[in-house]
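# Overview (structure and organization)
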Amino acid sequence: FDCAKVSTGAERLICNNQQLSSADVKLAQAYQAKRERVADKEQLKSEQIAWRRTVRDACSDVNCMINAYQQRIAELSR
């Protein structure tokens, strides 16, 4: 996402922290790789949106968000 147009606290946190920004890039790569391997791409997209809303966006600090990203990347890498 474009850091000039952030709209949530989670996005601001990502834009202001290099480690989170890097994790966000890694997550995007893991998501794309998983998308190439699954038959139901719409289901994967729905799961990703739900994760973002209920897990990532629920975090209010860097440690929480780093853990959320690491867990999601691991899930997508299976």
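### Description of the packing of aromatic side chains
All told, the structure shown has one aromatic pair when counted by the stated rule. When the centroid spacing of 5.6 Å and the interplanar angle of 75 degrees are considered together, the rings of W51 and Y69 count as edge-to-face. With a gap of 18 residues between them, W51 in helix α3 (residues 41–54) and Y69 in helix α4 (residues 62–77) connect regions that are remote in the sequence. With respect to class, W51 is no different from Y69; both count as buried.

### Overview of the packing of helix α2 (residues 18–37) against α4
Two elements in contact, α2 and α4, have axes whose closest approach is 9 Å; the angle formed by their N-to-C orientations is 20 degrees. Taken together, α2 and α4 sit at an angle that is classed as roughly parallel. The crossing of α2 and α4 is left-handed. Residues Q19, L20, A23, D24, K26, L27, A30, Y31, K34 and R37 of α2 form the contact with α4, whose participating residues are V62, M65, I66, Y69, R72, I73, E75, L76 and S77. Here the contact of α2 with α4 is built from residues that sort into 11 nonpolar, two polar and six charged.

### A few points about the packing of α3 against α4
Two elements in contact, α3 and α4, have axes whose closest approach is 12 Å; the angle formed by their N-to-C orientations is 165 degrees. Taken together, the axes of α3 and α4 are roughly antiparallel relative to one another. Along this stretch, α3 crosses α4, giving a crossing that reads as right-handed. Only A68, Y69, R72 and L76 of α4 make contact with α3, whose side of the interface consists of L44, E47, Q48 and W51.

### Here's the deal with α2
Compared with the 28 Å implied by 1.5 Å per residue over 20 residues, the 29 Å span of α2 between its first and last C-alpha is a close match. Within the span of α2, buried status applies to L20, A23, D24, L27, A30, Y31 and K34. Considered in projection along α2, the buried side chains sweep an arc of 130 degrees and stay on one side of the axis. Away from the buried face of α2 by more than 90 degrees, exposed residues Q18, Q29 and E36 are located. Those residues of α2 that are buried are in contact with α1 (9–15), α3 and α4. Residue N17 occupies the N-cap position of α2, its side-chain oxygen lying 2.9 Å from the main-chain nitrogen of Q19.

Criteria and cut-off values
- Residues numbered from 1 in each chain as written.
- Predicted model: local features only at pLDDT ≥ 70, side-chain atom pairs only at ≥ 80, totals over all residues.
- Heavy atoms only, no water.
- Phe/Tyr/Trp six-rings, centres within 6.5 Å; stacked < 30°, edge-to-face > 60°.
- Helix = DSSP H or I, 4+ residues; strand = E, 2+ residues; numbered from the N terminus.
- Buried < 20%, exposed > 50% of the residue type's maximum accessible area, 1.4 Å probe, protein only.
- Axes fitted to C-alpha atoms, helices over the stretch in contact; angles between N-to-C directions.
- Parallel < 35°, antiparallel > 145°, perpendicular 65-115°, else oblique.
- Left-handed = near helix turned anticlockwise from the far one by under 90°.
- Contact = heavy atoms within 4.5 Å.
- Nonpolar A, V, L, I, M, F, W, Y, C, P; charged D, E, K, R; others polar.
- Expected span 1.5 Å × (residues − 1).
- Arc of directions from axis to C-beta.
- Polar contact = N/O pair within 3.5 Å; in protein donor to acceptor, adjacent residues only side chain to side chain.

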